[in-house]
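One-letter residues, chain by chain:
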Amino acid sequence: MSPEGRGMPIAAQPPPAPSRASPATVALRERYLAYRRRQGRDLLNIIPREGLREVVRACRPLTASTPQPDVSLEDLAAFCAELLPLPPLSVWMADFQSNRDAHLIDQAAADAGPRTADGTPVAVAVRHFRATGKEWVAQLLVWPRERGWEGAIQFHTDDTARMWRTAAVFREEGVSAIRRRFDIFDDHTLSAFLRSSLP
């Protein structure tokens, strides 16, 4: 039956209603995609060098009529993520809600990247506080120096995947000393550090 036979031409049919996902849901989806990319990059890092060529070849579209395109690291990471038995979005979101702090610590450590040749930053504490009319999460990141440890505070809200971070505001002989200083901060102090990190 033609579209006209159904009583309304296709051109006149109303478009589907746009999705109205909340900012928090959108931010969680972005975190999930970032999680998949991290897992894909981790797989790339353990593939032997001689096996990378096969991964690149499999990632490229098999079209003999066009030149083979370059494959970016993000393309390879996305391809490798598809090879892994990662949880679907709904399962990951449920786990995030149940084990939120563990996810935030894992993401912060991965996103921070190496700061020195001696090691990579690790999130060792998470605090929740209210500032600028909304709820914020403050994560304490620490990393080793040639002598002792340094630390910074990283901030974000639930409705965005963007993060803001202070400069190195801690320097102690051990991680426990940095964590003790962080633990005694009140909301007013955390808000002051947040203001210093915002653009």
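Residues numbered from 1 in each chain as written. Predicted model: local features only at pLDDT ≥ 70, side-chain atom pairs only at ≥ 80, totals over all residues. Heavy atoms only, no water.

J.: Run through the overall build of the protein chain, naming residues and quoting values.
T.: Secondary structure assignment for the protein chain yields seven helices and five strands. For the protein chain, the N- to C-terminal ordering of α and β elements is α-α-α-α-α-β-β-β-β-β-α-α. By the burial criterion, 32% of the 199 residues in the protein chain qualify as buried. A separation of at least 24 residues holds for 52% of the contacts in the protein chain among residues at least 6 apart in sequence. (Helix = DSSP H or I, 4+ residues; strand = E, 2+ residues; numbered from the N terminus. Buried < 20%, exposed > 50% of the residue type's maximum accessible area, 1.4 Å probe, protein only. Contact = heavy atoms within 4.5 Å.)

J.: For the packing of helix 1 (residues 23–46) against helix 4 (residues 89–98), give the residues involved together with the corresponding values.
T.: Here helix 1 crosses helix 4 at 105°, and the two axes come no closer than 10 Å. Taken together, helix 1 and helix 4 sit at an angle that is classed as roughly perpendicular. Along its contact with helix 1, which presents Thr-25, Leu-28, Arg-29, Arg-31, Tyr-32 and Tyr-35, the element helix 4 presents Leu-89, Trp-92, Met-93, Phe-96 and Gln-97. (Axes fitted to C-alpha atoms, helices over the stretch in contact; angles between N-to-C directions. Parallel < 35°, antiparallel > 145°, perpendicular 65-115°, else oblique.)

J.: Could you give me a rundown of the pattern of salt bridges, with the residues and numbers involved?
T.: For the coordinates displayed, the defined rule picks out six salt bridges. As a salt-bridge pair, Glu-82 and Arg-36 come within 3.1 Å of each other at their nearest N and O atoms. Taken together, the residues span a long stretch of sequence, with Glu-82 in helix 3 (residues 73–83) and Arg-36 in helix 1 at a distance of 46 residues. Residue classification places Glu-82 among the exposed positions, given a relative accessible area of 59%. Looking at Arg-36, the relative accessible area reads 15%, which means it is buried. Ionic pairing is found between Glu-135 and Arg-130, a salt bridge with its closest N-O pair at 3.1 Å. Glu-135 sits in the partly exposed class, given a relative accessible area of 47%. (Salt bridge = Lys/Arg side-chain N within 4 Å of Asp/Glu carboxyl O.)

J.: Explain the nonpolar core to me, and be specific about the residues and the numbers.
T.: Where a protein is soluble and globular, its nonpolar side chains tend to be buried together. Counting 17 residues, the largest nonpolar core has Phe-129, Leu-140, Ile-153 and Phe-182 as its most contacted members. Put simply, the parts of the chain that give this core at least two residues each are strand 1 (122–131), strand 2 (134–144), strand 3 (149–156), helix 6 (175–183) and helix 7 (187–197). Beyond its immediate sequence surroundings of up to four residues, Phe-129 is in contact with Lys-134, Glu-135, Trp-136, Val-137, Ala-138, Phe-155, Asp-187, Leu-190, Ser-191 and Leu-194. If you look at the next biggest cluster of nonpolar residues, it comprises 10 residues, including Ala-81, Trp-92, Leu-104 and Val-137. (Core = buried A, V, L, I, M, F, W, Y, C linked by side-chain atoms within 4.5 Å.)

J.: Explain the confidence of the model for the protein chain to me, and be specific about the residues and the numbers.
T.: For the protein chain, per-residue confidence averages 76 on the pLDDT scale, and residues scoring 70 or more make up 72% of the total. In the model of the protein chain, helix 5 (residues 100–112) stands out as the element of lowest mean pLDDT, 67, in contrast to helix 7, which has the highest, 93. Segment residues 1–18 is flagged for pLDDT under 50; beyond a separation of four residues in sequence, or across chains, it makes six contacts in the model. Confidence drops under a pLDDT of 50 for residues 62–68, and excluding neighbours within four residues, the segment shows four contacts in the predicted structure. (pLDDT = per-residue confidence, 0-100.)

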